[in-house]
Amino acid sequence: MTGVRRSEALAVQWADLDLANCRLSIRRTLDTTARDTVKLTKTGGARVIDLDSATIAALKAWRVHRGSVSLQLTGARSFVFGNWTE
């Protein structure tokens with residue numbers, strides 16, 4: 001419902017989320033032609049998306065869950081939807 005492309009969502013890092021103000025900055029996208037590579041968005045620029053409170057609650061719970069596995073998974077440059085080693 002946000003208009004975020006799958007490849008953009010997969011490239012979101014925790015630093016891109018402003019949980020206090022319910023916003024997400026889309027700054028990069030996953031490169032589907034090269035494994036483990038990110039690139040600029042389709043338009044080449046960043047955009048900000050407002051998130052609803054249910055999505056913020058889910059993201060906070062997800063961060064706690066990932067942090068219970070390893071605190072590295074919740075670092076600013078870690079991918080929100082990365083695998084369990086990144």
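Scroll up to find the structure.
Residues numbered from 1 in each chain as written. Predicted model: local features only at pLDDT ≥ 70, side-chain atom pairs only at ≥ 80, totals over all residues. Heavy atoms only, no water.

A. The arrangement of the nonpolar core in detail. Among the nonpolar cores identified, the biggest contains eleven residues, and these are Val 12, Trp 14, Leu 17, Leu 19, Leu 24, Ile 26, Ile 49, Leu 51, Ile 56, Leu 59 and Val 80. Secondary-structure elements contributing two or more residues to this core are strand E2 (23–26) and helix H2 (53–69). (Core = buried A, V, L, I, M, F, W, Y, C linked by side-chain atoms within 4.5 Å. Buried < 20%, exposed > 50% of the residue type's maximum accessible area, 1.4 Å probe, protein only. Helix = DSSP H or I, 4+ residues; strand = E, 2+ residues; numbered from the N terminus.)

B. Molecular detail of the pairing of E2. Two elements, strand E1 (residues 17–18) and E2, share two bridges in a ladder whose sense is antiparallel. Directly across from Asp 18, in E2, lies its bridge partner Arg 23. (Pairing = 2+ DSSP bridges.)

C. Structural detail: the side chain of Arg 28. Summarising the element assignment, Arg 28 is placed in the loop between E2 and strand E3 (29–30). Classification of Arg 28 by relative accessible area gives buried; the value is 14%. Among the polar contacts made by the side chain of Arg 28, one reaches the main-chain carbonyl oxygen of Ala 11 at a distance of 3.1 Å. In terms of polar contacts, Arg 28 uses its side chain to reach the side chain of Asp 16, at 2.5 Å. Discounting residues that sit within four places of it in the chain, Arg 28 has contacts with Glu 8, Ala 11, Val 12, Gln 13, Asp 16, Val 38, Lys 39, Thr 41 and Arg 77. (Polar contact = N/O pair within 3.5 Å; in protein donor to acceptor, adjacent residues only side chain to side chain. Contact = heavy atoms within 4.5 Å.)

D. Representation of H2 in the model. Its 17 residues give H2 an end-to-end C-alpha distance of 25 Å, which sits within 8% of 24 Å, the value for a rise of 1.5 Å per residue. Every buried residue belonging to H2 is among Ile 56, Leu 59, Arg 66 and Gly 67, and all of these are buried. For H2, the angular spread of buried residues about the axis comes to 100°, placing them on one side. Exposed and oriented more than 90 degrees from the buried face of H2 are Ser 53, Ala 54, Val 64 and Ser 68. Where the residues of H2 are buried, they touch E1. A side-chain oxygen of the first residue of H2 lies 3.0 Å from the backbone nitrogen of Ala 54; this N-cap is Asp 52. (Expected span 1.5 Å × (residues − 1). Arc of directions from axis to C-beta.)

E. Molecular detail of the environment of Thr 41. Mapped onto the elements, Thr 41 comes out in the loop between strand E4 (38–39) and strand E5 (47–50). Residues Thr 41 and Thr 29, spaced twelve residues apart in sequence, show a C-alpha to C-alpha distance of 5.3 Å. Setting aside anything within four residues of it in sequence, one finds Thr 41 in contact with Glu 8, Ile 26, Arg 27, Arg 28 and Thr 29.

F. Up close: the sheet that holds E5. What the three strands build is an open sheet, ordered E1-E2-E5; its pairing is antiparallel. A strand with exactly one partner marks an edge of an open sheet, and here the two such strands are E1 and E5. Alignment of E2 against E5, held across four bridges, turns out to be antiparallel. When the bridges of E5 are listed, Ser 25 appears paired with Val 48.

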